[in-house]
Structure formats: structure tokens, C-alpha cells
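The residues making up each chain are set out below.
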Amino acid sequence: MKKKKRNLAPYWLILPSLLYLALFFAYPMVRAFSLSVWDEEAVLPVRTEASLESEEAGRLHQGTQIELLGQQGNLLTDTLGDEVNLLTELWFNVTGENVDGNTISGWVSETRIRVREEAEDGTPLMGTVRRRLGSNADPLTTIFAEPSENAAEVGKVEASVEMQIVELATLEVWYQILAEENGQVVEGWAPSRFIQVFGDEVSGRIDRGTNGEFTLGFFEKMIEDRFFDPAVRTTLLLMVLIIPTQFVLAIIMALVIQARLKFNSIFLYIFSIPMGVSELAVGILFFSIFTQNGLFNSILQGLGLIDAAQPFLTADTRQWIIGAIWLAEVWRATSIVMIIVVSGLQAISDEVLEAAELFGAGLWQRLRYVILPLLKPSLQVALILRTILALQVFAVVIALSGGDIVTVLANETYRQYFEFRNANVASAYALFILAISMVSAIFYLRAVRTQQEIAA
Amino acid sequence: MSDQPLETAVPFDGLAHQQRQLRRQKLNRATTYVIAILLALWILVPIYFIFSMAFTTQEAVRAYPKSVLPLIPFSLDTMRFFLNSDGIIPGLINSIIVAVITLTLSTIIAAPAGYAISRYIFPGRNFFRLSILAVRAFPILVLSIPLAVLFIQVGIFDSIYSLAFMHTALALPTTILVIGSVFASIPYDLEEAAMVFGCTPWQAFRYVVLPLVLPGIAASAVFTFVLSWNEVFAASILTVQNRTLPAQILFSLSNSSEAYQFAGGFFMLIPALIFMFYIRRYLFNMWGQVTK
């Protein structure tokens, strides 16, 4: 059956799938781990001067309260993203006459120039120096050698003088901040984009950091989440309800198929229809049955068992919702198990079954001592597959309960990502589901060993 | 279950025993029919009900109590209302594109790997098999969120192609295992015999193995199509504007009328009905004994 040969061929054959799985499985898996335990914005290094090159004065955690001591513009080196708190200043490189009538050129803040002429795309070309207001203010405007108020002075210009605007520079505001964390006082500079300034303009907080830090905070947040407990309980309850029912039903279906009745192909077709039906469609299907003016109520009323339509899918009737989800999942996913079991039954030779029958074994005895043991490998595959799928029940729950009254782990993952925009806690939920899947897969692999494995 | 009791089974009071056995077999057979019909009804009744809701007037959808037998007025009203709703037709097109890309990509990538694990013994084979199994155990949710974060960073978020890549990753482990088991079901002796008669390994594969495994590979492609078509979670996380059909319906579920929901539910079901009917032949090829 297998070729005893050592060459490179098999490695070439599996290479594409290995590469694909590395990119779309290994990477996301690692990333999910890092998302759930690594807080990328936990720590902000504070600099001794308003420059990223300067030394670190200390580190502050996200959320620390700070005092603002001062601010300064600093040439923006990166492109602008959608940074929340980013505060910028615009500086112009201008050419014009100074107080002595000489032409000078240098940098001046945009706030000192009234733009008079613009290019078609809005780039300012020419402007006049603004008048300073207030009686004791310096009537002259200083021009600097660099786009910074700390730079050397090039000269001074009078108000209303026309200046040609040669170049623009965007500065990011840096704040000088003072804070105390864990008994240590940190004083230094940090870019405005990481600082949230409060209304009083003298205090604020560290909005986010640049350096990551290991944290269990996301898992804590998950466990403290008010939906966590009900989600775990419902998910496990559904697993316990769905899987055994499904296997019993699937084995019955498979035996019916194996009995080779007339119209067998039609029965097989009907039994395998749900396999191709979307989870959401099944949810809607059972919603249409259990909704207040649905099929179930109509039948009950038709039989005279109730006088008016009963509400089944409401907050007061959680057990009915769980029951409906249970039926929906059994309806939907039994086919896959049935097909795995049928193909397992096909592998059992007719001789073995006939022999058992000839020796007087009844249906139950044949099932217990011949069929089920030989089906073990198929059942193992089906069990693992079904458990993992049962843990991911999601659309059925939303269709039947709206996702609030009855909730499951997969639904909470979706809620955290989609409603709360929290990829970290969502990843924590996902990893929790992964952990349950792994534990149950290992359990099945050990509990339902195939004969070859025991022999080996 | 054989229809004629064999001679060896007949004890010395032969005839009476044989008759008893025959009677018991007939009874068993009747019971099996009853069970088969009950099971078929369990599957068909909900489908019939949602069908009758999808093809009726909107008043009939709201009516209570509903007539259970086919007395509900037939009308294209509900279905037309659903198809004309926002985003349904584009969602349908997206769903089909994603599913077709997924099944093509995953079959092309998985077939060689399936062949390798069933035909060669090589160092690392067991490790590969185990990793495939382990990878199969990874719930889709674990992948969706980091991939969404990645796709946003790379700038291919909200694209049906990135969703197809994701679905391929989901389908790949199963496809490898299924194709592997399909190859394993063809004895290597056949290939060897072909080679003894002068075929090259490629020819042995092309003319002996391939025709035997094609139905199985087709069935696995069908599994993949189903997986992609049915997939709701990743589709609703990875797409915003370019939703697939299930994602679109899920998104508008809470603020839509029952007419929309029922028609949508049945519409998502139609491909399954046609599709299982169409691949019936492949299923029968795969399990040849069943239809005998």
C-alpha cells in the first residue's frame, strides 16, 4: 500500500500546502496569541528632550495622569495617520524685506502670516505679516533659521509686509510632562499624539504607548465580561445536548441507508440535503417554526392544545430557545456524521456482517460487537469534527435569539470584535474556544483509539 | 443483510426456522421503511414550510394560525421582495466568486499533499499528518480576528479575494485528509501492476489512479464549496461593503421583516437542494455499493 522509498518527491508535493498553512494558519495563530496577551500600547517612553533621538527620561503606562509643563513644535518625520490626539503646527519658509529694507529668508509660524495668494491646489504662495494685538506686544515678527522658536534669529519684519511663501513644514507639538508612577517622578517630553489633554489645558493622561508589554488584562476582561459565564454555560450545554443526539441519529440514518431499501438513492439524497444548508439558513428555518405565528404554534392550535399563540423565543422562555438551537443543530449537522458513518460502514465487508448474522447475532449485538468497533476510526474523525463545529455555533443562535437572550462563545467573539471594536478581548475569546477544542480533540484521540494505533 | 438464508444457517428443524426467519426479516424491513420515512419527514417538513413561506404573499407570512398543508396561497411576492432588497444580488455574486476561488485553490494545493501522505513513507510524514489534524482543530474564529487585523494593515481588508484566501485556509486541512483517504483507498498494487506492465510512474498515476480518484476529489471539492458558501463568521468579520450573501442577511436580520428572513432562508437553501441532487451521482460513485 505504501511506497518504501526515500526521495524528495513527497516533500515537493506537500510544500504548497505547508507554505499556505504557514501563511494563513501559523501566522494568524501566533498573532492571535500576541493579540490576547500582548498590549501593544501599554508603555510610553518619555524623552529628556523633545526628540525621538534623545535619551529616555522614564516610562509611563497607558492611563497615567500627567501634568503639562510646556509644549514645543518638532518637525514631523512620518506621514500622518488618523492619530487621535495629534496636534500640529504649520510653519512657512518665507522671503521678504526686514526692518532694515534687506531681503531675508527664514521660517515663521503660520499663525504670524495672513495668506493672500494661493495656488490652485490650495498651497499658499504669498501672504502678509499679521499685526500683533495688545499694547505692550513686540510690533515686530521674528524670522528663524529653522522651523522652531528655539532656532537662531535671522531677522525681524514689520507687520503687513508682503512675504513670498517658499516652503511649508508641519511640526508636531510635543508636550513637556510631569507624572508620578509607582513612587517615581518622571519628567520629560512626549509627542502630542500619545497624550490626551483635559479641558483645563494643564493636565491630561497617557492615551497610549509605543512599547508593548505582556498582560493578562484581556483575559481578565473576558472573564469579567457579563456575557462570559452564560456563554460558557450555554456552549457546553449545547455540546452535551447536540453531539450524542446527532451520533445516535446519524448511526440510525446510516443503518437505514445500509439496509438498501427501495428508493435508497432518494433517501440518501434527502438525508444529505442539510449538509449543504448554511448555518444561518437553518437558524431562520427553525425561527420560522418557533416564532410566535410560526408552524409549531399553528400545529398546536390546530390540534386544539392551545387557545392562542404562545411566545417561544423570548427572554422568559430561554429553555425553548435552547431547545430550538438544539433541534436546528441536530437537523443541520447530522448529515455530515451520517456520511462519515456510511463511508465507514462501506469499508466493513459484507462477509463480516453476514457471518455475525449467521451466528445468530441480533441487530443490537451486531451493532455493539461488530459494527461500532469497526467504525471507530470514522467515529473518531466525526467526533472531533463535530465538537469543533459545535463550539462554533453562531448564526443559528443569532437567528433564534438575536444574540442577547441566549449567547455562546462564538457570538461573544463576534460581539467583542464587531460591536466593541476590541480585537484583543475577541482574540482571548477565540483562544478560549481553541483551548476547549484542543482538550476535547486530545480526549477523543485517546478515548477512541483505532486498532492500528493500539497495536503500534 | 442477505435476502436468501444460506444453507449453513439452517438447523435440523429447517423449514419452520426458515419461515420464522423470513417473517422476521419482512417485519424488520417494514420497520426500516417506517424509520426511513420518519427521518425523511424530519428533514423535509421544515424545508417545505420555509418554501411555502418564501413563495406566498406577505399577508400570508404574517397570518396566524397558518394552514399547515399546501393551502397557503402561492405567490412570488415574498421572494421578489427579498431579491429586491439592498445588497442581496451583489452578495449572491460575491458568495459564488468566493466559493469558486476557494474550491479551485484548495483542490490544487491539497491534491499533491493528499497523494504524498497516502503513497509515501517519509521522515516527517506523521508530523505532517498530525499538524494537519491539529490545524483542523483550529476554530475559524481564531483565524478570523488576527487575519482581519492583518488585512487592515496590508490594505486588502473588505475584499472578497482575501475572504477566499481565508476560506481556502479553512478548507485545506479537510481537503488534504479527504483526498489522502481517497488515494489510500486505491491499492498501491494497481499502480505497481501498471508499472510492471511498463508504465512510468506518471502514466500509472494518470491512467490508473486518476480515473479512480476523480469522483472522490469531486466530492471533496463539493465539501469545500459548501464550507465556503455556508461560512458566516469570517465573512461577517472580514467584509464590510463587499458582503457575501450570508453575511448580508445576518447583518440585516435584526431589522428586517419576517417575509425577508423566510425568503432569505429559503434562498440560501436552494443551492443545497440543487447541489446535493447534482452531486448525487458523485456520491454514488464514491459509495458504489449503496445503489446496487
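Residues numbered from 1 in each chain as written. Chains lettered and ligands numbered in written order. Predicted model: local features only at pLDDT ≥ 70, side-chain atom pairs only at ≥ 80, totals over all residues. Heavy atoms only, no water.

A. Expanded view of the overall build of chain A. For chain A, the helix and strand inventory stands at 13 helices and 14 strands. Against the globule reference of 23 Å for 456 residues, chain A gives a C-alpha radius of gyration of 36 Å, more extended than a compact globule. In chain A, which comprises 456 residues, the share counted as buried stands at 51%. Considering only residue pairs separated by 6 or more positions, chain A has 66% of its internal contacts joining residues 24 or more positions apart. Carbon together with sulfur atoms contributes 56% to the accessible area of chain A, which is approximately 22,200 Å² in total. Here chain A contributes 33 positively and 50 negatively charged side chains, and the mean placements of these two sets differ by 17 Å. (Helix = DSSP H or I, 4+ residues; strand = E, 2+ residues; numbered from the N terminus. Rg over C-alpha atoms; globule rule 2.2 N^0.38 Å. Buried < 20%, exposed > 50% of the residue type's maximum accessible area, 1.4 Å probe, protein only. Contact = heavy atoms within 4.5 Å. Areas by Shrake-Rupley, 256 points an atom, 1.4 Å probe, with all protein chains shown as cover. Lys, Arg positive; Asp, Glu negative; His and termini not counted. Charge placed at Lys NZ, Arg CZ, Asp CG, Glu CD.)

B. Geometry of the overall build of chain B. When you go through chain B residue by residue, the secondary structure sums to 12 helices and 0 strands. Each helix and strand of chain B, placed in order from N terminus to C terminus, yields the pattern α-α-α-α-α-α-α-α-α-α-α-α. Looking at chain B residue by residue over its 292 residues, the buried ones come to 50%. Surface exposure of chain B reaches about 13,700 Å², of which carbon and sulfur atoms provide 68%.

C. Structural context of the pattern of salt bridges. For the coordinates displayed, the defined rule picks out 11 salt bridges over all chains. Across the salt bridge formed by R233 of chain A and D229 of chain A, the nearest N and O atoms sit 3.6 Å from each other. Remark: D229 of chain A and R233 of chain A occur in helix α3 (residues 228-258); sequence separation between them is 4 residues, near one turn of the helix. Take R233 of chain A: its relative accessible area is 58%, and that puts it in the exposed class. E59 of chain B is the partner of R62 of chain B in a salt bridge, and the nearest nitrogen-oxygen pair spans 3.7 Å. With R62 of chain B and E59 of chain B both in helix α2 (residues 58-62) and 3 residues apart, this pair spans about one turn of that helix. (Salt bridge = Lys/Arg side-chain N within 4 Å of Asp/Glu carboxyl O.)

D. Here's a closer look at the nonpolar core. Ranked by size, the top nonpolar core spans 186 residues in total, and within it F271, L280 and M338 of chain A together with I249 of chain B carry the most contacts. In this structure L280 of chain A touches A395 and A399 of chain A together with V232, P246, I249, L250, L253 and M268 of chain B, once residues within four positions along its chain are discounted. In terms of nonpolar packing, the next biggest core, distinct from the first, is built from 14 residues, I66, I177, V186 and I195 of chain A among them. (Core = buried A, V, L, I, M, F, W, Y, C linked by side-chain atoms within 4.5 Å.)

E. Just the packing of aromatic side chains, in detail. Counting across every chain of the model gives 34 aromatic pairs over all chains. Ring geometry for Y115 of chain B against Y120 of chain B: centres 6.2 Å apart, planes inclined by 75 degrees, an arrangement best described as edge-to-face. Side by side, Y115 of chain B and Y120 of chain B carry an identical accessibility label, which is buried. One aromatic cluster is present, built from ring pairs that chain together Y48, F51, F55, F74 and F266 of chain B. Directly above the ring of Y369 of chain A sits R368 of chain A, whose terminal nitrogen or CZ lies 5.1 Å from the centroid. One residue, R243 of chain B, lies across the ring of F251 of chain B, its end atom 3.8 Å from the ring centre. (Phe/Tyr/Trp six-rings, centres within 6.5 Å; stacked < 30°, edge-to-face > 60°. Lys NZ or Arg CZ within 6 Å of the ring centre and 35° of its normal.)

F. Quick peek at the packing of helix α4 (residues 264-272) of chain A against helix α7 (residues 318-347) of chain A. All names here are of chain A. Packing of α4 against α7 brings their axes to within 8 Å, and their N-to-C directions diverge by 135 degrees. By the criterion of interaxial angle, the relationship of α4 to α7 is oblique. Residue-level contacts link L268, F271 and S272 of α4 to S335, M338 and I339 of α7. Among the residues forming the contact of α4 with α7, the class breakdown is 4 nonpolar, 2 polar and no charged. (Axes fitted to C-alpha atoms, helices over the stretch in contact; angles between N-to-C directions. Parallel < 35°, antiparallel > 145°, perpendicular 65-115°, else oblique. Nonpolar A, V, L, I, M, F, W, Y, C, P; charged D, E, K, R; others polar.)

G. Focus on the side chain of T291 of chain A. Checked against the element boundaries, T291 of chain A lands in the loop between α5 (279-290) and α6 (295-302). A polar contact of 3.0 Å, which involves the side chain of T291 of chain A, links it to the side chain of E258 of chain B. (Polar contact = N/O pair within 3.5 Å; in protein donor to acceptor, adjacent residues only side chain to side chain.)

H. Spatial organisation of the interface of chain A and chain B. At the junction of the two partners, chain A supplies 99 residues and chain B supplies 100 residues. Counting the surface lost from both chain A and chain B, the interface buries some 9,600 Å², and carbon and sulfur atoms represent 77% of this. Here chain A and chain B share 13 residue pairs in polar contact (both at pLDDT 80 or more) between them. Split by residue class, the side of chain A that touches chain B holds 66 nonpolar, 21 polar and 12 charged. (Buried area = accessible area lost by both parts, 1.4 Å probe.)

I. Fine view of unusual backbone geometry. Residues and elements named next belong to chain A. Although it is not a glycine, F263 sits at a positive phi angle of roughly 60 degrees. Within the secondary structure layout, F263 lies in the loop between α3 and α4. Residue classification places F263 among the exposed positions, given a relative accessible area of 55%.

J. Representation of the pairing of strand β3 (residues 65-75) of chain A within the structure. Residues and elements named next belong to chain A. Two strands pair when backbone bridges link them, and β3 and strand β13 (residues 203-206) are joined in this way by 3 bridges, in the antiparallel orientation. Looking at the pairing, E67 lines up with S203 of β13. With 8 bridges joining them, β3 and strand β10 (residues 162-181) adopt antiparallel strand pairing. Counterpart to E67 in the pairing with β10 is L178. (Pairing = 2+ DSSP bridges.)

K. Representation of the packing of α5 of chain A against helix α1 (residues 14-54) of chain B in the model. In contact at an axis separation of 10 Å, α5 of chain A and α1 of chain B are set at 80 degrees when each is read in the N-to-C sense. In terms of orientation, α5 of chain A lies roughly perpendicular with respect to α1 of chain B. Judged by residue contacts, I284, L285, F286, S288 and I289 of chain A of α5 of chain A engage W42, P46, I47, F49 and I50 of chain B from α1 of chain B. Across the contact of α5 of chain A with α1 of chain B, the residue classes break down as 9 nonpolar, 1 polar and no charged.

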